[in-house]
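One letter stands for each residue in the lines below.
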Amino acid sequence: YRGALIPRAFWKVVAIVTEEGRPSATAYKVDQEKELGELEFVYAGFKTFQISVQQVIDGTGIDFGALVEYDGIGALEIATKQRIKEVITGPESIRI
C-alpha cells in the first residue's frame with residue numbers, strides 16, 4: 001500500500017509452564033486481510049483468534065515442532081480432524 005508492504009496477519013506462539021508444573025503452548029493470530037481490502041485506517045478494529053501451533057508452522061514454515069505436543073488446540077484438531085480458529089473475546093476465552 002503506497003509502496004509499503006503490509007502484513008495480512010500477525011501471529012504469536014506462547015509457551016509457558018502452568019502453576020501445576022504442566023508445559024503448555026498456545027498460538028494466536030490477528031487477521032487484518034478484510035481491513036486491508038478496504039484500505040481505510042481503523043484503530044483496534046481487529047479480531048484475535050486462537051489457533052494451533054501447527055497452523056503457525058504450516059503458514060510460516062518456522063519449526064515450532066517441539067511445542068506441538070503441548071498445544072491443547074492442536075490436540076483437539078487431531079481428535080476432530082478439523083482446523084480450529086476461535087475468536088478471543090477476553091482472557092476467559094483462552095484455552096491453555
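Heads up: the structure comes first, above all this text.
Each chain carries its own residue numbering, running from 1 in the written order of its sequence. Totals for whole chains, interfaces and linings use every residue, but because this is a predicted model, local features are given only for residues with pLDDT of at least 70 and side-chain atom pairs only at 80 or more, for both listing and counting. Here the side-chain values reflect all heavy atoms present in the structure, with hydrogen atoms and water set aside.

(A) Representation of the overall build of the protein in the model. Numbering of helices and strands starts at the N terminus; helices are DSSP runs of H or I of at least 4 residues and strands are runs of E of at least 2. The number of helices and strands found in the protein is three helices and four strands. Going residue by residue from the N terminus, the α and β elements of the protein occur as β-β-α-β-α-α-β. When each of the 96 residues of the protein is scored for burial, the buried share is 25%. By definition, residues are in contact when any of their heavy atoms lie within 4.5 Å. Residue pairs at least 24 apart in sequence account for 46% of intrachain contacts in the protein once pairs closer than 6 positions are excluded. The buried label goes to any residue with under 20% of its type's maximum accessible area, the exposed label to any with over 50%, and the partly exposed label to all in between, with areas taken from a 1.4 Å probe on protein chains only.

(B) Representation of the side chain of serine 24. With respect to the element layout, serine 24 can be found in strand β2 (residues 23-31). Excluding anything up to four places from it in sequence, serine 24 contacts Val14, Ala15, Ile16, Thr18, Tyr70 and Ile96.

(C) Structural detail: the environment of proline 7. Residue position: proline 7 is located in the segment before β1 (9-17). Judged by relative accessible area, which is 36%, proline 7 ranks as partly exposed.

(D) Highlighting the side chain of aspartate 71. Looking at where aspartate 71 falls in the secondary structure, it is placed in the loop between α2 (53-60) and α3 (72-80). The charge count treats Lys and Arg as positive and Asp and Glu as negative. His and the chain ends do not count. Think of a salt bridge as a Lys or Arg side-chain nitrogen and an Asp or Glu carboxyl oxygen that are within 4 Å of each other. With no salt bridge to any partner, buried aspartate 71 finds its closest opposite charge in arginine 83, at an N-O distance of 8.9 Å.

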